[in-house]
Amino acid sequence: MRAWLSSRGFDDAVTEEVLSHLIRRRLLDDGRAADALVKRKSGKRSVGSELLRTELSLNGADPALIETVLEDRGGLDAALAALSSKRSWKRREQAGRFLMSRGFAEEIVESALEAAFGQQQQTD
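None of these values were measured; they are calculated from a predicted model.

With that out of the way, let us pick up the confidence of the model for the protein. For the protein, mean pLDDT is 83; residues scoring 70 or higher make up 91% of the total. The element-level mean pLDDT for the protein is lowest in helix 6 (residues 75–86), coming to 79, with helix 2 (residues 12–24) highest at 90.

Given below as structure tokens:
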């Protein structure tokens, strides 16, 4: 918010006054905003922790806050929710690409695919 106000030409004193007012009234709260983003990107619209970390960082969230918000997030549960909400998957590869595009870590994708499709056969 500070960067946005500054980019619009507001001087530092006005910016600080506005931010203080919004924080006092609990209209501006980084923790609540981060939690809201994580909730929006859960369930049917689940995305992985890496994508969430990137989006929160781009929105200017503090790195410590990002880690706090993401530590309670179940990666495997979120990946399985994303798989089950999209459609019935016929091919393991398609489901894997879908999860990777949603920002899930490779280990989470493999675990979700094993849960959904069973152990993959190794070919020599």
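Further notes follow.
With that out of the way, let us pick up unusual backbone geometry. Even without a glycine there, the phi angle at arginine 26 is positive, about 60 degrees. For arginine 26, the location among the structural elements is in the loop between helix 2 and helix 3 (30–40).

Once that is clear, we can look at the pattern of salt bridges. Counted by the stated rule, this structure contains 6 salt bridges. The residue glutamate 50 makes a salt bridge to arginine 53 at a minimum N-O spacing of 2.9 Å. Here glutamate 50 and its partner arginine 53 are both found in helix 4 (residues 49–58), 3 residues apart, which amounts to about one turn of the helix. Judged by its relative accessible area of 44%, glutamate 50 is partly exposed. By relative accessible area, which is 25% here, arginine 53 ends up partly exposed.

This part takes up helix 3. Of the residues making up helix 3, those classed as buried are Ala34, Leu37 and Val38. Angular distribution of buried residues about the axis of helix 3 spans 100 degrees; they occupy a single face of the element. Among the exposed residues of helix 3, those oriented more than 90 degrees off its buried face are Lys39 and Arg40. In this structure, the buried residues of helix 3 make contact with helix 4 and helix 5 (63–71). Measuring from the backbone nitrogen of glycine 31 back to the side-chain oxygen at the start of helix 3 gives 2.9 Å, which picks out aspartate 29 as the cap.

Moving on: the nonpolar core. Residues Ala78, Ala79, Ala82, Leu83, Trp89, Ala95, Phe98, Leu99, Phe104, Val109, Ala112 and Leu113 constitute the largest nonpolar core, which totals 12 residues. Contributions of two or more residues to this core are made by helix 6, helix 7 (92–101) and helix 8 (106–117). With 4 residues, helix 6 is the largest single contributor of residues to this core. If you look at the next biggest cluster of nonpolar residues, it comprises 11 residues, including Leu52, Leu56, Leu65 and Ile66.

A packed helix pair is summarised by two numbers, namely the angle formed by the two axes and the spacing between the axes. At a closest axis distance of 11 Å, the pairing of helix 3 and helix 4 adopts a crossing angle of 145 degrees. For the element pair helix 3 and helix 4, the recorded crossing hand is right-handed. Across the interface between the two elements, Ala34, Leu37 and Val38 from helix 3 touch Leu52, Glu55 and Leu56 from helix 4. Taken together, the residues of the contact of helix 3 with helix 4 break down into 5 nonpolar, no polar and 1 charged.

A few words now on helix 8. An ideal rise of 1.5 Å per residue puts 16 Å on 12 residues; helix 8 measures up with 16 Å between its terminal C-alpha atoms. Along helix 8, the positions that sit buried rather than exposed are Val109, Ala112 and Leu113. Summarising the axial view, the buried residues of helix 8 lie within an arc of 100 degrees, below the 170-degree limit, and thus occupy one face. Exposed and oriented more than 90 degrees from the buried face of helix 8 are Glu107 and Ala115. Just downstream of helix 8, glycine 118 is the residue with a positive phi angle, here 90 degrees.

Thresholds applied
Residues numbered from 1 in each chain as written. Predicted model: local features only at pLDDT ≥ 70, side-chain atom pairs only at ≥ 80, totals over all residues. Heavy atoms only, no water. pLDDT = per-residue confidence, 0-100. Helix = DSSP H or I, 4+ residues; strand = E, 2+ residues; numbered from the N terminus. Salt bridge = Lys/Arg side-chain N within 4 Å of Asp/Glu carboxyl O. Buried < 20%, exposed > 50% of the residue type's maximum accessible area, 1.4 Å probe, protein only. Arc of directions from axis to C-beta. Contact = heavy atoms within 4.5 Å. Polar contact = N/O pair within 3.5 Å; in protein donor to acceptor, adjacent residues only side chain to side chain. Core = buried A, V, L, I, M, F, W, Y, C linked by side-chain atoms within 4.5 Å. Axes fitted to C-alpha atoms, helices over the stretch in contact; angles between N-to-C directions. Left-handed = near helix turned anticlockwise from the far one by under 90°. Nonpolar A, V, L, I, M, F, W, Y, C, P; charged D, E, K, R; others polar. Expected span 1.5 Å × (residues − 1).

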